[in-house]
Amino acid sequence: GDSVTQKQGQVTLSEDDFLFINCTYSTTTYPTLLWYVQYLGQGPQLLLKVTTANNKGISRGFEATYDKGTTSFHLQKASVQESDSAVYFCALERGSALGRLHFGAGTQLIVIP
Amino acid sequence: EAAVTQSPRNKVAVTGGKVTLSCNQTNNHNNMYWYRQDTGHGLRLIHYSYGAGSTEKGDIPDGYKASRPSQENFSLILELATPSQTSVYFCASGEQGARDTQYFGPGTRLLVL
């Protein structure tokens, strides 16, 4: 069945550090892969998405690239700021008409000023 | 701007009691979803709906019921609450044509004693 794996439970960085959050997936369908971000006390919100057609998504300085060969979908940012502190979820859209998403466990990013 | 509200925001219930969590959206979206969020599990889909009068089981429906009386409202019902249902619950809405973009409410923190 479909699955999404995020092994990094927490990442702690200093401002201006490079961010890399790893996500791998397994699915039998052509997926849409997404990153959602959840700030403290809020619900998750869509950060960016990537399809097999475009291979890369960019939003608010974040970038994610879809690699079909390694079934990975990593999130990167060149220089993090304290305001980027949040929980980041990768997710898989299952291709059904009802938009069922399968979420990873989440990675908490802490950015120290 | 998408608007999904949830009530109550915090709830303490006793084991065996009935709990109803309510969700309202003003986006006129057809699809609505209930998730629970637990550390280490990310967000897991409990029930979803593709319109008024319809409810479907998600990945972890046991112990939960759902009701969609109108386009705007979607409720999650715990008939006999158990301590294992202590969690943070999120409601989300989404357009039928944009399956991967879901708009989340602020969440309800439920504690079952």
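Residues numbered from 1 in each chain as written. Chains lettered and ligands numbered in written order. Predicted model: local features only at pLDDT ≥ 70, side-chain atom pairs only at ≥ 80, totals over all residues. Heavy atoms only, no water.

**Considerations on the overall build of chain B**
Assigned secondary structure in chain B consists of 0 helices and 11 strands. In sequence order, the secondary structure elements of chain B are arranged as β-β-β-β-β-β-β-β-β-β-β. Against the compact-globule benchmark of 13 Å for 113 residues, chain B has a radius of gyration of 13 Å, which places it among compact chains. When its C-alpha atoms are laid out on the principal axes, chain B stretches across 40 × 30 × 25 Å. (Helix = DSSP H or I, 4+ residues; strand = E, 2+ residues; numbered from the N terminus. Rg over C-alpha atoms; globule rule 2.2 N^0.38 Å.)

**Some details on the sheet that holds strand β7 (residues 65-67) of chain B**
Residue and element names in this part refer to chain B. One open sheet accounts for 4 strands, arranged β1-β3-β8-β7; its pairing is antiparallel. Since the sheet does not close on itself, it has two edges, and those belong to β1 (4-7) and β7, each with one partner. Neighbouring strand axes in the sheet, compared pairwise and without regard to direction, differ in orientation by 20° on average. Judged from the 4 bridges that link them, β1 and strand β3 (residues 19-25) form a sheet pairing that is antiparallel. Counterpart to Gln-6 in the pairing with β3 is Cys-23. (Pairing = 2+ DSSP bridges. Axes fitted to C-alpha atoms, helices over the stretch in contact; angles between N-to-C directions.)

**Comments concerning the state of the cysteines**
Counted by the stated rule, this structure contains 2 disulfides over all chains. Here A:Cys23 pairs with A:Cys90 through a disulfide, and the sulfurs are 2.1 Å apart. Of note, the bridge from A:Cys23 to A:Cys90 carries an S-S torsion of about 80° and is right-handed in sense. Pair noted here: A:Cys23 is in the loop between β3 (19-21) and β4 (24-26) and A:Cys90 is in strand β10 (residues 86-93), with a separation of 67 residues, a long-range link. For A:Cys23, a relative accessible area of 2% gives the class buried. Each sulfur in the disulfide pair B:Cys23 and B:Cys91 lies 1.9 Å from the other. One quick way to see it: the torsion about the S-S bond of B:Cys23 and B:Cys91 is about -75°, and its sign makes the bridge left-handed. (Disulfide = S-S within 2.5 Å. Buried < 20%, exposed > 50% of the residue type's maximum accessible area, 1.4 Å probe, protein only.)

**Side note on the nonpolar core**
Judged by nonpolar contacts, the single largest core of 25 residues is most densely connected at A:Leu19, A:Trp35, A:Leu47, A:Leu48, A:Phe73, A:Leu75 and A:Tyr88. It is β10(A) that provides the largest number of residues to this core, a total of 4 residues. What A:Phe73 contacts, discounting residues up to four positions off in sequence, is A:Cys23, A:Leu33, A:Leu34, A:Trp35, A:Leu48, A:Val50, A:Ala64, A:Thr65, A:Tyr66 and A:Cys90. Judged by nonpolar contacts, the second largest core, of 18 residues, contains B:Ala13, B:Cys23, B:Tyr64 and B:Leu76. (Core = buried A, V, L, I, M, F, W, Y, C linked by side-chain atoms within 4.5 Å. Contact = heavy atoms within 4.5 Å.)

**Looking at the pairing of strand β8 (residues 62-67) of chain A**
Residues and elements named next belong to chain A. Only one face of β8 is buried: it carries Phe-62, Ala-64 and Tyr-66, and the other face, with Glu-63, Thr-65 and Asp-67, is open. Here 4 bridges tie strand β7 (residues 56-59) to β8, and the two strands are oriented antiparallel to one another. Bridging across to β8, Ile-58 finds its partner in Glu-63. Two successive antiparallel strands, β7 and β8, enclose a turn made up of 2 residues, where Arg-60 displays a positive phi of approximately 50°. Pairing of β8 with strand β9 (residues 72-77), which is carried by 6 bridges, proceeds in the antiparallel orientation. Bridging across to β9, Glu-63 finds its partner in Gln-76.

**Digging into the interface of chain A and chain B**
Listed by partner, the interface residues are 23 residues for chain A and 24 residues for chain B. Together, the buried faces of chain A and chain B total about 1800 Å²; carbon and sulfur atoms form 52% of this surface. Run the count over chain A and chain B and you get 1 salt bridge. Between A:Arg100 and B:Asp59 there is a salt bridge; the shortest N-O distance is 2.8 Å. Summed over the shared surface of chain A and chain B, the result is 4 residue pairs in polar contact (both at pLDDT 80 or more). For the side of chain A that touches chain B, the elements supplying multiple residues, two or more each, are β5 (32-38), β6 (45-51), β10 and β11 (101-103) of chain A. The biggest single contributor to the side of chain A that touches chain B is β5(A), with 4 residues. (Buried area = accessible area lost by both parts, 1.4 Å probe. Salt bridge = Lys/Arg side-chain N within 4 Å of Asp/Glu carboxyl O. Polar contact = N/O pair within 3.5 Å; in protein donor to acceptor, adjacent residues only side chain to side chain.)

**With respect to the side chain of B:Gln6**
All names here are of chain B. Checked against the element boundaries, Gln-6 lands in strand β1. Using a relative accessible area of 7% as the deciding quantity, one classes Gln-6 as buried. At 3.0 Å, the side chain of Gln-6 and the backbone oxygen of Tyr-89 are in polar contact. Of note is the side chain of Gln-6, whose polar atom sits 3.0 Å from the backbone nitrogen of Gly-107. For Gln-6, the residues in contact, after removing those within four places along its chain, are Ser-22, Trp-34, Tyr-89, Phe-90, Cys-91, Gly-105, Pro-106, Gly-107 and Thr-108.

Coordinates in, geometry out; function isn't part of it.
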